[in-house]
Amino acid sequence: MRGMKRRMPALFVITVVLFVSVLGLLYKGMEVTHVDVDDGGIWVIDKSKQMVGHLNYDARVLDGALRAESANFDIGQAGETVTMTDRATSTIAPINVTAVALGSATPLPSGAVATQGGDTLGVYNPAEGTFWVTSAKGPVAADLGDGAALDSGEGAGASTVAVDGTAFSLSASDGTLVTVAPKGTVQSVNKSRIKGIAPAATLAMTAVGNHPVAFDTTGNILYLPNGQAYSLTDYGIAPGAVLQQPGADADSVYLATPTSLVGVPLKGGEPSVVDTGASGSPAAPVWHMGCAYGAWSGSGAYLRSCADPSKDTNDVVDTLKSAREVVFRTNRSAIVLNDVAEGTVWLPDEELVLVENWTDVTSQTDETADDKDDSAQTTESQTLPERTEENHAPE
């Protein structure tokens, strides 16, 4: 009996250990959902300084920057997924938003342009109609090879990527529409045809939600998601309008003419037209958080037309008159207007407040680069042995 009593604690411990081990095998753990936190950040550029800057929207200040290799570049952004395309070297690279640093560059196919939408990168050769799709989080060169093209040989056309990552390309020669929908790690590729496009059409594309809209800028005709060929001329809208950027789902697609913001219902019908009262050079409008935004350099006009009319704005901004190349930037809930040529940033939802502290982040970037150079030189001087003119035998 005494031996049995001595063995009881040991048996009890073994039983408990086995029980806990079985529970560990059966229990798969609590499911964790990754939350993309809106930190209020948005990315802008200044081509004159070859800089990409991070704007802290709430603080109304640029708080970080990195330098581009050339002055011919642009960025794409969706949450924490940010990319930079260098057109001079025909490469694209992800931006590490935490370190504010450029990742490894991936060569683009010859003649191709890259467009980011969500976490998707659409790469398209507009002259040949060759179309590739890869991840914007980390573009893969193998996805952009000749054998990886999802469509080719369709001739001249256009492409776009919706904010949810659905990519589209459209051929003018035969109206072939390629739709690539992201489904996890698998891409769903579908081909359909849009009738009535002239083979000589000069096309532009956008997406309203995940609905593609094409614009024949030569014929001044929109091709709506329901297949309708919508003549802008028939509604008194002259050629020369600029199609909106891809945006959230809406009832209309927007264009900016030199004097107005035009909304065309996706189902067709009478367009809405808001005049600015002056002629200028329009930026591509955007639909963001329930409002359509338009801006014009030259005239300095700025428009916001919302589902809630109490939020509508129709103003003239003096500092916008001298802008050279204005582009709306959106990321999560934030929107800014960026003169990409000179770096000026306006906050449309904050009474067009100006943000202009590029000098601060530029000097910080240069100091960091100098520190790295000094560190490299110091390391070299510490590791190289001191040499004399005369060689000596080893001791």
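This structure is a prediction, so every number in the text was calculated from the model and none was measured.

Rules of the game
Residues numbered from 1 in each chain as written. Predicted model: local features only at pLDDT ≥ 70, side-chain atom pairs only at ≥ 80, totals over all residues. Heavy atoms only, no water. Helix = DSSP H or I, 4+ residues; strand = E, 2+ residues; numbered from the N terminus. Buried < 20%, exposed > 50% of the residue type's maximum accessible area, 1.4 Å probe, protein only. Contact = heavy atoms within 4.5 Å. Areas by Shrake-Rupley, 256 points an atom, 1.4 Å probe, with all protein chains shown as cover. Core = buried A, V, L, I, M, F, W, Y, C linked by side-chain atoms within 4.5 Å. Disulfide = S-S within 2.5 Å. Pairing = 2+ DSSP bridges. Axes fitted to C-alpha atoms, helices over the stretch in contact; angles between N-to-C directions. Salt bridge = Lys/Arg side-chain N within 4 Å of Asp/Glu carboxyl O. Polar contact = N/O pair within 3.5 Å; in protein donor to acceptor, adjacent residues only side chain to side chain. Phe/Tyr/Trp six-rings, centres within 6.5 Å; stacked < 30°, edge-to-face > 60°.

Draft legend 1. Up close: the overall build of the protein. Along its length, the protein carries three helices and 32 strands. By the burial criterion, 44% of the 395 residues in the protein qualify as buried. Counting contacts in the protein only where the partners sit at least 6 residues apart, residues at least 24 apart contribute 44% of the total. Surface summary for the protein: the accessible area is close to 20,700 Å², and the carbon and sulfur share equals 53%.

Draft legend 2. Highlighting the nonpolar core. Judged by nonpolar contacts, the single largest core of 24 residues is most densely connected at Val-213, Leu-222, Leu-224, Leu-232, Val-253, Leu-255 and Val-264. Secondary structure elements with two or more residues in this core: strand S17 (211-216), strand S21 (252-256), strand S22 (260-265), strand S26 (291-297) and strand S27 (301-306). Each residue touching Val-253, except ones within four places of it in the same chain, is listed here: Thr-206, Val-208, Val-213, Leu-222, Leu-224, Leu-243, Gln-244, Val-262, Gly-263, Val-264 and Leu-266. Grouped together as the second largest cluster of nonpolar side chains are 16 residues, Cys-291, Tyr-302, Cys-306 and Leu-337 included.

Draft legend 3. View of the state of the cysteines. As enumerated under the stated definition, the model contains one disulfide in all. The side chain of Cys-291 participates in a disulfide bridge whose partner is Cys-306; the two sulfur atoms lie 2.0 Å from each other. Here the disulfide of Cys-291 and Cys-306 is right-handed, its torsion about the S-S bond being about 105°. In this pair, Cys-291 sits in strand S26 while Cys-306 sits in strand S27, placing the two residues 15 residues apart along the sequence. Note on accessibility: Cys-291 and Cys-306 belong to one class, buried.

Draft legend 4. View of the sheet that holds strand S29 (residues 326-331). Taken in spatial order, the four strands line up as S29-S30-S31-S32 in an open sheet, and their pairing is antiparallel. Two strands close off the open sheet at either side, each with one partner strand: S29 and strand S32 (353-355). Within the sheet, the average angular offset between the axes of one strand and its neighbour, ignoring direction, is 30°. Two strands pair when backbone bridges link them, and strand S31 (residues 345-347) and S32 are joined in this way by three bridges, in the antiparallel orientation. Looking at the pairing, Val-345 lines up with Val-355 of S32.

Draft legend 5. View of the pairing of strand S10 (residues 120-125). S10 sits mainly inside the fold: six of its six residues count as buried. Of the two faces of S10, the one lined by Thr-120, Gly-122 and Tyr-124 and the one lined by Leu-121, Val-123 and Asn-125 are each fully buried. Summarising the sheet, strand S9 (residues 113-117) and S10 pair through five bridges and their orientation is antiparallel. Bridge assignment links Gly-117 to a residue of S10, and that residue is Thr-120. Two successive antiparallel strands, S9 and S10, enclose a turn made up of two residues, where Gly-118 displays a positive phi of approximately 60°. Bridge count between S10 and strand S11 (residues 130-135): six bridges; the pairing is antiparallel. Pairing of Tyr-124 across the sheet is with Phe-131, part of S11.

Draft legend 6. Focus on the sheet that holds strand S12 (residues 157-161). Strand order in this open sheet of four strands is S12-S13-S14-S15, and the pairing throughout is antiparallel. The sheet terminates laterally at S12 and strand S15 (186-193), the two strands that pair on one side only. Here the average twist between neighbouring strands, direction ignored, is 15°. Pairing of strand S14 (residues 176-183) with S15 involves eight bridges; the strand directions are antiparallel. Residue pairing in the sheet places Val-180 in a bridge with Val-189 of S15.

Draft legend 7. Spatial organisation of the pattern of salt bridges. Under the definition given, this model contains twelve salt bridges. The closest approach of N and O atoms between Asp-174 and Arg-193, which form a salt bridge, is 3.6 Å. Of this pair, Asp-174 sits in the loop between strand S13 (167-171) and S14 while Arg-193 sits in strand S15; the two residues are 19 residues apart in sequence, bridging distant segments of the chain. Residue Asp-174 is classed as partly exposed on the basis of its relative accessible area, which comes to 30%.

Draft legend 8. Molecular detail of the environment of Thr-81. Structurally, Thr-81 can be placed in strand S5 (residues 81-86). What makes Thr-81 buried here is its relative accessible area of 5%. In contact with Thr-81, other than residues within four places in its own chain, are Gly-76, Gln-116, Gly-118, Asp-119, Ala-136 and Lys-137. Reaching out from Thr-81, the side chain makes a polar contact with the side chain of Asp-119 at a distance of 2.7 Å. Within the structure, the side chain of Thr-81 is placed 3.3 Å from the side chain of Lys-137, a separation counted as a polar contact.

Draft legend 9. Region of interest: the environment of Thr-98. Examined against the element boundaries, Thr-98 turns out to sit in the loop between strand S6 (91-96) and strand S7 (101-102). Along the chain, Thr-98 and Glu-80 lie 18 residues apart, while their C-alpha atoms are 8.9 Å from each other.

Draft legend 10. Seen up close, the packing of aromatic side chains. On inspection of all chains with the given rule, the structure shows four aromatic pairs. Relative to Trp-287, the ring of Tyr-254 lies with its centre 5.7 Å away and its plane at 5°, an arrangement referred to as stacked. With Tyr-254 in strand S21 and Trp-287 in strand S25 (residues 286-288), the pair connects residues that are 33 residues apart, well separated along the chain. The class of Tyr-254 is buried, set by a relative accessible area of 11%.

Draft legend 11. Quick peek at the pairing of S14. Across four bridges, S13 lies against S14 in antiparallel orientation. Of the residues in S14, the one forming a bridge with Leu-170 is Leu-177. Between S13 and S14, which pair antiparallel one after the other, the connecting turn spans four residues, and Gly-175 there sits at a positive phi close to 75°.

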